[in-house]
Amino acid sequence: METDNSLATAASTPYTELSPPSTPPQKNEILGDARSIAKAKLSALTLEEKVSLLTAADFWRTKAIPEKGIPAIKTTDGPNGARGGIFVGGTKAALFPCGISLAATWNKDLLFEVGQHLADEARARSAEMLLAPTVCLHRHPLGGRNFESFSEDPLLTGKLAAQYIKGLQGKGVAATIKHFVGNEQETHRLTIDSIIMERPLRELYLRPFEIAVREANPWAIMTSYNLVNGVHADMNFHTLKDILRGEWKYDGTVVSDWGGINSTAESLQAGCDIEFPFSSKWRFDKVVKCIEEGKLTVEDIDRAAENVLTLVERIKGDNMDPEAPEMEDNRETTRQLIRTAGHEGLTLLKNNDDLLPLCPKKTKIAVIGPNANRAIAGGGGSASLNPYYNTAPLDSIRRIAEKEVAFAQGCHIHKWLPVASNFCTDKAGKPGVNINWYAGDKFQGEPVVVQRRTNTDLFLWDSAPLDQVGPEWSAVATTYLTPTATGKHTISFMSVGPGKLYVNGEMRLDLWDWTEEGEAMFDGSIDYLVEVDMEAGKAVELRVEMTNELRPIAKQKQFNMTHKYGGCRIGFKQEDKVDYVQEAVDAARAADVAVVIVGVDAEWESEGYDRQTMDLPVDGSQDRLIEAVVKANPRTVVVNQSGSPVHMPWASRVPAILQGWYQGQEAGNALADVLFGIQSPSGKLPATFPERIEHTPAWHNWPGENLKVLYGEGLYVGYKHYDRTRIAPLFPFGHGLSYTTFEYGRPEVSSRTLKEDGSINITLAISNIGERAGSEVVQVYVHDVKSRLPRPEKELVAFEKVFLEADETRHITISLDKYAVGYYDESIPGWIAEEGAFKVLIGASSTDIRRTTVFQVKESFTWVF
């Protein structure tokens, strides 16, 4: 999205081109026919029609050609739920646990089931294509989208993604695995050049995609924004053409990330089939001109258009029915699945003296902390949605506890002030904000559109009524804010384009020509604050004047455009009049057990920016709170809610620590179930928790310089780095405790020799020798005893999750094939399994190895895919 006329259609989600009604189609009996049917349809299209398919019709939909029997496809975000067409405040939807929480389950069957339910959710939003899963690796703990991705390990990521995709596509909804490739940071994400050597590119960053293509064949792949070794991902011949289409023989469709096309001819030649969203910048007449100039051939266009038609055929066939309105589909089975995923993802890091589980009948509890009485359900950005409901830990704990449950806030962790929506009404007293929209950016004439919105988060990038107001607009938003207490309260204001905030008719913040950028995902100023004396129950009028002219002004020349997004965000916080820490200490002293719920939230972890520190926000306030509480009551449980590791300077003094992740709409209920032992936690860390950020693999190469980031740690990401440097992490990869105890039997190997087309089966007994039912994740690592090229000390090659009743024993069998022993050698070029011995390490984490065995490869062999 970049020019005035392209934006006019790009954001007009409610007014898109739709397929007209027709006779209901006959469903294709064989999915494999999709490409042959696509070829037949392609032959009936003109060049202009073929070219029209290569750019989206609007923000979320592909182009329909009704007269040729080609319907549109509607896409929807995202990885942990199907949001629908509106970014903020849209149709309510099921909010699943975030990617890292799903990965913490290590449960392939569960991920398949999640995919199945997400397909139903996508259909309820009238969408046929889910923009998920995200499989970029956790290269560094500060990555802004780590929460959305699965793991630091490519095998765990790829195997879980494959099951997620199978579940989704098994119900006819296309998966769009993303972001291909090298998108491990948000800093300068549109322009950063990821410099990655070929071995780590193959063995780490491409590997989750490779596993998913081989095992699940995702129908779509989304390219990333960044460059890879000097070439943008959407036009990277090496990754798209040589590897994806060439070596892997991928037969699906490649789509750009939103606004992620960077050329006309090169992106099509490399194999990026569909540009999202609608834009007139790169394609349409420019494609035709490239053909006339010999820069593109008709064959290039045919190949891309055929891929588009194949995708349409796979998920829509000839179905020209009108798009149905988005609906809610709030099912009990989905709610239960989300709660189960929560139980299985919650990761018990420490539990001295079996402090957990708590007894609901006997335990007097103090629930403390900034996240205790909030629903911290997901991270920020395109993974966010409007959930059917939320559950806060305090409410869920009180529902189960039979003794008194006290509450203390402890501290605030606002990055920006909370949105003012809960305090705001229009003049008639209805909740929300009135917006008067004007055509043009000068507030001239009468309003063209008058709206009421319920949220004061008014980032309008995908929901401005551009069809009515045009590509350049101005708007006046008015609301009446009524405080519940008297005091010197604080209002915050952040503007995307030019903006002015008036309080009771007086201009208090002039951001018409702002220059200092904040961290908002879709561009915007920093958050400015103004203090206002207010009386309880007495409304204050807030009025915002804004346009969608591009700011800072310097960007107009940089991007050769004058107008883009517009909007603002209004926050509000009433004056604090209590000593929060003292309140928490008093509550902890009066309780049998203190449960302190801390962490970050969607403002601190989000698409669009990386975290600046591994410390808990803000300014040590949560660390000081924990230290004060554990001093007041040594029986303290800390629950940390975050999508990636945080510093825990208090870890040695706190007896019980539970990693809570972001667990979706059932987060509070799942946490309470585990705290009270109704369910045993069975999560295992999908990412290493280091003691200090300076110990991390990419510490010296983050986030790069001069728009380049060197992946200088090479193969040694995550646990492979800690093994190599012999730095002990705070909590290792794969670690997670249970309320019961498991014993590993001696493994038996079906053969001591692995052949090129063969496999080895490893069978062992797992016994639950405790008094509670529980699940154990059996992790299998392989160590190459002697290799020609350097290799990590060990690499995860397989895993299985097994549920056992108390005193139950089960035998499990894990199969290893060539993919468990190979590494990539550029000199071949290809994968090689070298002659020699391989040691199998079977354990409960990457550092808790319980059993070992060995096998060998008698003669080296190589392969490509």
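Rules of the game
Residues numbered from 1 in each chain as written. Predicted model: local features only at pLDDT ≥ 70, side-chain atom pairs only at ≥ 80, totals over all residues. Heavy atoms only, no water. Buried < 20%, exposed > 50% of the residue type's maximum accessible area, 1.4 Å probe, protein only. Helix = DSSP H or I, 4+ residues; strand = E, 2+ residues; numbered from the N terminus. Pairing = 2+ DSSP bridges. Salt bridge = Lys/Arg side-chain N within 4 Å of Asp/Glu carboxyl O. Phe/Tyr/Trp six-rings, centres within 6.5 Å; stacked < 30°, edge-to-face > 60°. Axes fitted to C-alpha atoms, helices over the stretch in contact; angles between N-to-C directions. Parallel < 35°, antiparallel > 145°, perpendicular 65-115°, else oblique. Left-handed = near helix turned anticlockwise from the far one by under 90°. Contact = heavy atoms within 4.5 Å. Nonpolar A, V, L, I, M, F, W, Y, C, P; charged D, E, K, R; others polar.

Draft legend 1. Up close: the pairing of strand E21 (residues 540–547). In terms of burial, E21 is a largely internal element, six of the eight residues being buried. Here strand E16 (residues 473–481) runs beside E21; their pairing, made up of eight bridges, is antiparallel. Bridged to Thr478 within E21 is Arg543. Of the strand pairs in this sheet, strand E18 (residues 499–503) and E21 are connected by five bridges, and their pairing is antiparallel. Along E21, the bridge assignment pairs Leu501 with Val544.

Draft legend 2. The arrangement of the environment of Ala520 in detail. For Ala520, the location among the structural elements is in the loop between strand E19 (506–510) and strand E20 (528–534). Given a relative accessible area of 10%, Ala520 falls into the buried group. In the structure, Ala520 is positioned 440 residues away from Asn80 in sequence and 21 Å away in space, judged by C-alpha atoms.

Draft legend 3. How the structure looks around the pattern of salt bridges. Summed over all chains, the structure comprises 57 salt bridges. Ionic pairing is found between Lys159 and Glu215, a salt bridge with its closest N-O pair at 2.6 Å. Of the two residues, Lys159 is situated in helix H6 (residues 154–169) and Glu215 in helix H8 (residues 207–216); the sequence distance between them amounts to 56 residues. By relative accessible area, Glu215 is classed as partly exposed at 29%. For Lys708, the salt bridge identified is with Asp193, shortest N-O distance 3.5 Å.

Draft legend 4. Looking closely at the packing of aromatic side chains. Counted by the stated rule, this structure contains 23 aromatic pairs. Residues Trp661 and Phe689 carry aromatic rings whose centres are separated by 6.2 Å and whose planes lie at 85° to one another, so their mutual orientation is edge-to-face. Here the residue Trp661 occupies a position in the loop between strand E25 (656–659) and helix H19 (667–675), and Phe689 occupies one in the loop between H19 and strand E26 (708–710), the gap between them amounting to 28 residues. Pair check on accessibility: Trp661 and Phe689 agree, each one buried. Judged by centre distance (5.7 Å) and plane angle (15°), the ring pair of Phe838 and Phe855 falls under stacked. Placement of the pair is Phe838 in strand E35 (residues 836–843) and Phe855 in strand E36 (residues 849–857), with a sequence separation of 17 residues.

Draft legend 5. A look at the sheet that holds strand E17 (residues 487–495). Strand order in the open sheet formed by four strands is E15-E22-E17-E20, and the pairing between neighbours is antiparallel. Pairing within the sheet leaves two strands with one partner each, and these edge strands are strand E15 (457–459) and E20. Between one strand axis and the next, the sheet turns by 20° as a mean value, whatever way the strands run. The pairing of E15 with strand E22 (residues 567–573) spans three bridges and is classified as antiparallel. Its bridge partner being in E22, Asp457 is matched across the sheet by Arg569.

Draft legend 6. Molecular detail of the packing of helix H17 (residues 580–589) against helix H18 (residues 621–632). Two numbers describe how H17 lies on H18: the axes approach to 8 Å, and their chain directions differ by 30°. Overall, the two elements H17 and H18 adopt an arrangement that is roughly parallel. Considering how the two elements wind past one another, H17 and H18 form a crossing that is right-handed. The residues of H18 that touch H17, namely those facing Val581, Ala584, Val585, Ala588 and Arg589, are Leu625, Ala628, Val629 and Ala632. In terms of residue class, the contact of H17 with H18 is built from eight nonpolar, no polar and one charged.

Draft legend 7. Quick peek at the packing of H6 against H8. The N-to-C vectors of H6 and H8 enclose an angle of 40°; their axes lie 8 Å apart at closest approach. For the crossing formed where H6 meets H8, the hand is right-handed. Mapping the contact onto sequence places Pro154, Leu155, Thr157, Gly158, Lys159, Ala162, Ile165, Lys166 and Gln169 in H6 and Arg207, Pro208, Ile211, Ala212, Glu215 and Ala216 in H8. Here the residues of the contact of H6 with H8 are counted per class, giving eight nonpolar, three polar and four charged.

Draft legend 8. Main features of the side chain of Glu210. Here Glu210 lies in helix H8. By relative accessible area, which is 3% here, Glu210 ends up buried. Non-local contacts of Glu210, meaning those with residues more than four positions away in its chain, are made with Trp248, Tyr819, Trp831 and Phe865.

Draft legend 9. Highlighting unusual backbone geometry. For the peptide bond that leads from Phe276 to Pro277, omega is -15°, which places it in the cis range. Here Pro277 shows up in the loop between helix H10 (265–270) and helix H11 (285–292). Backbone torsion omega between Leu356 and Pro357 reads 0°, so that peptide bond is classified as cis. Within the element layout of this structure, Pro357 appears in the loop between strand E9 (347–351) and strand E10 (365–368). In the Ramachandran plot, Lys249 falls in the positive-phi region, its phi being about 55° despite a non-glycine side chain. In this fold, Lys249 is placed in the loop between helix H9 (237–247) and strand E8 (253–255). Residue Asp807 is not a glycine yet carries a positive backbone phi of 65°.

Draft legend 10. Inspection of the sheet that holds strand E4 (residues 193–195) at higher detail. Within the open sheet, the four strands sit side by side as E7-E6-E4-E26. Their pairing is mixed. Taken across any chain shown, the strands that pair with only one partner, and hence form the sheet edges, are strand E7 (231–232) and E26. Strand direction decides the pairing type here: strand E6 (residues 227–228) and E7, joined by two bridges, are antiparallel. Opposite Val228, over in E7, you have Val231 as the bridge partner.

Limitation: the analysis is restricted to geometry and does not speak to function.
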